[in-house]
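Architecture and fold: a report
Each chain, letter by letter, is given below.
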Amino acid sequence: QFGRTEVIDNTLNPDFVRKFVLDYFFEEKQNLRFDVYNVDSKTNISKPDFLGQAFLALGEVIGGQGSRVERSLTLASPIFIAYSPSPHKEDFSASRGVPGKKCGTILLTAEELSNCRDIATMQLCANKLDKKDFFGKSDPFLVFYRSNEDGTFTICHKTEVVKNTLNPVWQPFSIPVRALCNGDYDRTVKIDVYDWDRDGSHDFIGEFTTSYRELSKAQNQFTVYEVLNPRKKCKKKKYVNSGTVTLLSFSVDSEFTFVDYIKGGTQLNFTVAIDFTASNGNPLQPTSLHYMSPYQLSAYAMALKAVGEIIQDYDSDKLFPAYGFGAKLPPEGRISHQFPLNNNDEDPNCAGIEGVLESYFQSLRTVQLYGPTYFAPVINQVARAAAKISDGSQYYVLLIITDGVISDMTQTKEAIVSASSLPMSIIIVGVGPAMFEAMEELDGDDVRVSSRGRYAERDIVQFVPFRDYVDRSGNQVLSMARLAKDVLAEIPEQLLSYMRTRDIQPRPPPPANSSPTPAPEQ
C-alpha cells in the first residue's frame with residue numbers, strides 16, 4: 001500500500017483532494033492498483049465494503065489525453081482482501097461487492113512537480129589523468145550515474161571523448177535535474193572516468209561521487225574532485241589519485257519537460273524491425289535465436305515485448321508497423337530487407353504488441369531465413385514517415401533487433417545522419433553471442449556518427465547487447481525490465497533535443513472538463 005485518500009461522506013461521485021507523489025521513469029513499467037471502499041461509520045468502520053478496483057500503469061495516465069484516464073472499476077476474484085484504517089494498525093477483512101454489479105468508474109489525473117522542469121548546465125575539465133594508451137595519451141570521457149532507491153546506479157549522461165590528452169576540457173552540456181537526481185538534491189551522483197577504445201572495451205581510470213546540492217555550489221566557486229581507482233588504491237601504498245576533475249561552471253534553468261509534450265498531445269509512434277537472416281539458426285531447432293519454445297520467449301520476443309509494452313502507453317491507436325529483413329519470401333523466393341510481418345504491404349500495422357508478436361511468429365513459419373543484414377532500408381522507411389511531421393505532434397521510435405554484423409554500414413550511417421534531423425530515435429538490440437563492435441560505432445554516445453563529412457545533428461541511436469541484461473536465474477520478467485530501463489532511458493532527452501533544435505513548444509493540454517482517455521478495448 002502506497003497511500004490512501006480522505007473519506008468523503010454521503011456521495012456516489014466523490015472528488016478526492018489528496019494527492020500522491022510518485023517517482024516517474026519513462027523507461028520503467030510502473031504498475032498501479034487502485035482499490036475503492038465504502039466506510040460506513042454508523043455500522044462497522046473496521047469492516048468497509050469493497051466497491052471495486054482498477055489496474056493500470058503510470059505511463060497510461062501520463063500518456064492519456066491531457067494526462068487523464070478513466071477506467072472502469074471491477075470486482076476482483078473472490079479472495080481475501082485486507083484493509084487497514086492506517087498503515088500502522090492491524091488489517092481487517094473487507095466485505096465484498098456483488099459479482100456482475102456495475103462498480104462505476106475512476107478518473108485519474110497526473111501532473112508534474114515544478115522542480116522536474118529544472119535543467120542543469122555544467123562544464124568540467126580534468127588534470128593529470130592516468131595514461132592508459134601505450135601509444136599516445138588517454139582519450140578521456142565521463143559517465144554520470146543516478147543512484148536508485150535500491151542502491152543500484154543508472155547511466156544518465158555521457159560526455160564526448162576528448163582525444164589524446166591527460167588534461168581534457170569537455171564541452172558544456174545540459175541535463176534535466178530529474179534525470180540527475182530525481183528531484184532529491186542529496187542523492188548520490190557517481191561519475192566514472194574512462195579512456196575510450198575503438199573496440200568498446202573502454203579502460204577505467206577512476207571515479208568520484210557528489211550530489212546535485214554539492215554540484216550547485218559551483219555557481220559561486222570551482223569544485224575539485226579527486227579521481228580514485230579502488231584497485232590501485234588497494235595495491236599501491238603510495239597511491240594518491242588518478243588525477244582530478246574540476247567543475248568549472250554550473251547553472252540551472254527551467255525548460256519544458258518530456259511530460260509537457262506528452263500532456264500536450266505528442267504521440268510516440270513505435271516501429272519494429274526484426275532480423276530474419278540465416279545466422280540466427282533454424283527456428284525449428286532449440287539452438288536458434290528464433291526458436292519458438294512452448295515454455296519461454298526467445299531473446300527476440302523478450303526484447304520486443306520489453307520495449308513495446310512501455311512505449312504503447314504513449315500511442316493512442318496502439319497500431320504498430322512491424323517489418324522483417326534478410327529473408328526470402330514465398331512463393332518466388334525474393335530476398336527482402338523490409339517486408340511487413342503481417343504480409344500486408346498496404347497496411348503493415350499490427351494491433352498492439354501482442355499483434356506484433358503474433359505476426360512475428362507467423363512470419364517465422366512462412367519465410368526462409370537468408371541474408372545479408374541491411375539496416376538502411378527500414379531506417380529510411382521510418383524516416384520518410386517522420387519527415388512528413390514537423391509540428392511536434394508525432395515522434396517516431398524504431399526498434400531494430402539483430403543477431404550479427406551489419407552488411408551495409410556505409411548506407412546505414414548515411415541513413416542515420418539524415419534521420420538525425422527528424423523527429424525519430426533508433427534503438428538497436430543485439431541478441432546472441434556475436435561481437436557487436438560495429439554497433440558501438442552507430443551509438444553516438446562517444447563519437448558522433450558521420451557520413452561523407454556530414455555529422456549527425458543529434459545522437460539518436462542507442463545500442464545494447466541483450467546478453468548484458470539476462471538474469472542468471474532465468475527470470476525473464478527481470479531480464480526484460482533491465483533491458484527496457486537502459487534502452488529507453490535516452491528517449492525523453494532525444495525527443496526534447498529535437499523539440500529544442502526546432503523551437504517547438506508543447507501544446508497546451510486539453511481543458512479539465514474534456515473527455516479523458518477511455519480504457520482500451522479488451
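Given the structure is predicted, the values throughout are model-derived calculations rather than measurements. (Residues numbered from 1 in each chain as written. Predicted model: local features only at pLDDT ≥ 70, side-chain atom pairs only at ≥ 80, totals over all residues. Heavy atoms only, no water.)

1. Focus: the nonpolar core
Using the following cut-off: To qualify as a nonpolar core, a set must consist of buried Ala, Val, Leu, Ile, Met, Phe, Trp, Tyr and Cys residues joined through side-chain atoms within 4.5 Å. Only protein chains enter the accessibility calculation, which uses a 1.4 Å probe; a residue is then buried when its area is under 20% of its type maximum, exposed when over 50%, and partly exposed in between. Helix and strand definitions follow DSSP, with helices as H or I runs of at least four residues and strands as E runs of at least two, each counted in order from the N terminus. For the purposes of this description, domain bounds are those given by an automatic or database domain assignment. Contacts between residues were defined by any pair of non-hydrogen atoms, one from each residue, lying within 4.5 Å.
One finds F270, F276, V429 and L488 to be the most contacted residues of the largest nonpolar core, which totals 68 residues. Here this core gets 10 residues from one element, more than from any other, and that element is helix α6 (residues 299-311). Each of domain 1 (31-109) and domain 3 (270-406 + 419-502) accounts for three or more of the residues forming this core. With sequence-adjacent residues up to four places away left out, V429 is seen in contact with A303, L399, I400, I401, T402, F463, V464, F466, L483 and V487. One finds A386, V417, M424 and I428 within the second-largest nonpolar core, a separate group that totals 30 residues.

2. Observations concerning the sheet that holds strand β13 (residues 223-226)
Rules: Two strands pair under a simple rule: DSSP has to find at least two bridges between them. Orientation is described by lines fitted to C-alpha atoms, with helices fitted over the stretch in contact, and by angles between N-to-C directions that extend from 0 to 180 degrees.
An order of β10-β7-β14-β13 is seen for the 4 strands of this open sheet, with the pairing classed as antiparallel. This sheet does not close on itself; its edge strands, each paired only once, are β10 (173-176) and β13. Strand-to-strand twist in this sheet, taken as the mean axis angle between neighbours without regard to direction, amounts to 35°.

3. Describing the sheet that holds strand β18 (residues 334-336)
An order of β18-β17-β21 is seen for the 3 strands of this open sheet, with the pairing classed as antiparallel. Taken across any chain shown, the strands that pair with only one partner, and hence form the sheet edges, are β18 and β21 (368-369). Of the strand pairs in this sheet, strand β17 (residues 327-329) and β18 are connected by 3 bridges, and their pairing is antiparallel. Bridged to L329 within β18 is R334.

4. Brief notes about the pairing of strand β6 (residues 105-109)
Within a regular strand, side chains alternate between the sheet's two faces. Only one face of β6 is buried, namely the one carrying I106 and L108, since none of T105, L107 and T109 on the opposite face is buried. As judged from the 5 bridges shared by strand β3 (residues 68-72) and β6, these two strands associate in the antiparallel manner. Along β6, the bridge assignment pairs R68 with T109.

5. Topic: α6
Note that an α-helix has 3.6 residues per turn; residues three or four places apart therefore point the same way. Let me state the cut-off plainly: In this analysis, the expected span of each helix is defined as 1.5 Å times one less than the number of residues it contains.
Between its first and last C-alpha, α6 extends 19 Å over 13 residues, near the 18 Å set by a 1.5 Å rise per residue. Of all 13 residues that make up α6, 12 are buried, and the element is covered over most of its length. Among all positions in α6, only A299, Y300, A301, M302, A303, L304, K305, A306, V307, G308, I310 and I311 are buried. Buried residues belonging to α6 abut β15 (267-275), α7 (352-366), β22 (394-402), β23 (424-430) and α11 (476-487).

6. Thoughts on the packing of α6 against α7
This is how the line gets drawn: Here the angle decides the label: under 35 degrees means roughly parallel, over 145 means roughly antiparallel, 65 to 115 means roughly perpendicular, and every other value means oblique. Crossing handedness follows the turn of the near helix against the far one: under a right angle anticlockwise gives a left-handed crossing, and clockwise gives a right-handed one. Three classes are used: nonpolar for Ala, Val, Leu, Ile, Met, Phe, Trp, Tyr, Cys and Pro, charged for Asp, Glu, Lys and Arg, and polar for all others, with Gly counted as polar.
Remark: α6 packs on α7, axes separated minimally by 10 Å, with the N-to-C direction vectors making an angle of 160°. What the angle tells us is that α6 and α7 run roughly antiparallel. The handedness of the crossing between α6 and α7 is right-handed. Here α6 contributes Y300, A301, L304, K305, G308 and E309 to the contact with α7, which in turn contributes I353, E354, V356, L357, Y360 and F361. Broken down by class, the residue content of the contact of α6 with α7 amounts to 8 nonpolar, 1 polar and 3 charged.

7. Re the pattern of salt bridges
Under the convention used in this document: A side-chain nitrogen of Lys or Arg and a carboxyl oxygen of Asp or Glu constitute a salt bridge if their distance falls within 4 Å.
Taken as a whole, this structure holds 21 salt bridges when the rule is applied. Close ionic contact of K190 with E207 constitutes a salt bridge, the shortest N to O distance being 3.9 Å. Here E207 lies in strand β12 (residues 203-211) and K190 lies in strand β11 (residues 188-195), a separation of 17 residues in the sequence. Using a relative accessible area of 15% as the deciding quantity, one classes K190 as buried. A relative accessible area of 25% means that E207 is categorised as partly exposed. For the salt bridge of R334 with E332, the shortest nitrogen-to-oxygen distance reads 3.8 Å. A relative accessible area of 45% places R334 in the partly exposed class. Salt bridges here are not isolated pairs; linked through shared partners, they connect K190, D192 and E207.

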